[in-house]
Amino acid sequence: MTFTHAVFYRNMNLGHRGSPVRAVLEQSLRDGGAAAVRSFQTNGTVLLDLGGDGSHADAGAVVAAAAPLLADRAGYTGTGFVRSLDDVAAALDGDPFALTRDERTYRETVTLVDGGQPLPVELPWTDPRDLLDLVAVRPGVVLGVVRGGPGAGGDPNAAVERFTGGVATTRTLGTVQRLLASAARA
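Residues numbered from 1 in each chain as written. Predicted model: local features only at pLDDT ≥ 70, side-chain atom pairs only at ≥ 80, totals over all residues. Heavy atoms only, no water.

**Considering empty space enclosed by the protein**
Okay, so step 1: In the structure shown here, the tally under the stated rule is 1 cavity of 30 Å³ or more.
Okay, so step 2: The computed volume of the largest cavity comes to approximately 40 Å³.
Okay, so step 3: Around the largest cavity sit Phe 8, Arg 83, Val 88, Ala 91, Leu 92, Val 110, Leu 112, Val 141 and Val 176, which together line it.
Okay, so step 4: Residue assignment for the lining of the largest cavity shows that the elements contributing at least two residues are helix 3 (85-91) and strand 5 (105-114).
Okay, so step 5: Broken down by class, the residue content of the lining of the largest cavity amounts to 8 nonpolar, no polar and 1 charged. (1 Å grid on protein atoms, 1.4 Å probe; cavity = no way out; pocket = protein on both sides within 12 Å on 5 of 7 lines; lining within 4 Å. Points joined across faces, edges and corners; volume = space filled by probe spheres on them. Helix = DSSP H or I, 4+ residues; strand = E, 2+ residues; numbered from the N terminus. Nonpolar A, V, L, I, M, F, W, Y, C, P; charged D, E, K, R; others polar.)

**Here's the deal with the pairing of strand 7 (residues 132-138)**
Okay, so step 1: Buried residues dominate strand 7, accounting for 5 of its 7 residues.
Okay, so step 2: Two strands pair when backbone bridges link them, and strand 6 (residues 125-126) and strand 7 are joined in this way by 2 bridges, in the antiparallel orientation. From the neighbouring strand, Thr 126 faces strand 7, where its bridge partner is Asp 133.
Okay, so step 3: In this antiparallel pair of consecutive strands, strand 6 and strand 7, the connection spans 5 residues, and Asp 130 shows a positive phi of 60 degrees.
Okay, so step 4: Between strand 7 and strand 8 (residues 141-147), which pair antiparallel in sequence order, lie 2 residues; one of them, Gly 140, sits at a positive phi of approximately 75 degrees. (Buried < 20%, exposed > 50% of the residue type's maximum accessible area, 1.4 Å probe, protein only. Pairing = 2+ DSSP bridges.)

**A few points about the sheet that holds strand 1 (residues 5-9)**
Sheets are built from strands paired through backbone hydrogen bonds, the pairs being either parallel or antiparallel.
Okay, so step 1: Spatially, the 4 strands line up as an open sheet ordered 2-3-1-4, and their pairing is antiparallel. Two strands close off the open sheet at either side, each with one partner strand: strand 2 (36-40) and strand 4 (80-84). Taken pair by pair, the neighbouring strands of this sheet meet at an average axis angle of 25 degrees, ignoring direction.
Okay, so step 2: Where strand 1 and strand 4 come together, 5 bridges link them in antiparallel fashion. Bridge assignment links Tyr 9 to a residue of strand 4, and that residue is Gly 80.
Okay, so step 3: The strands touched by helix 5 (residues 173-185) are strand 1, strand 2 and strand 3 (45-49); relative to strand 2, the strand with the most contacts, the crossing angle is about 150 degrees. (Axes fitted to C-alpha atoms, helices over the stretch in contact; angles between N-to-C directions. Contact = heavy atoms within 4.5 Å.)

And the structure:
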């Protein structure tokens with residue numbers, strides 16, 4: 001199997017109320033047209049194999065076809081952000097976090113955004129509480145650095161949605177790196 005795309009679901013926590021269990025998530029995406037599916041962690045991050053070289057199916061169409069199935073089977077009505085793995089990897093090229101990473105860094109983040117306007121601030125941008133830096137923009141992705149620790153840090157998701165008017169979901173850099181490594185091993 002060759003995973004070519006990832007889906008990053010917003011506000012999905014497998015097994016919790018309003019979210020599917022892993023088997024339902026994976027089956028819904030297969031029923032939507034994916035050749036193979038691998039749910040990664042419990043936060044609604046999923047690898048998709050579209051069959052063949054990945055050009056025979058449209059990942060967005062698979063996720064759209066799975067959406068009513070997820071609503072019927074699990075009550076999940078959130079957004080799924082579809083990205084090619086090549087685009088995800090390209091967003092992380094180099095070390096875009098280097099200019100703002102320091103001893104206060106809690107997490108480096110990857111925020112996926114769909115819709116809205118381009119980010120209207122000059123980067124790097126730091127929030128007034130000095131708990132969040134938005135450091136780089138790639139197509140459909142905003143990279144950030146969070147300071148402040150669990151429950152007290154900056155919120156890249158809220159900042160990106162407020163600035164763009166789009167819909168966003170955020171993963172840590174570590175999650176995205178592990179996702180790419182898992183896809184490469186498949």
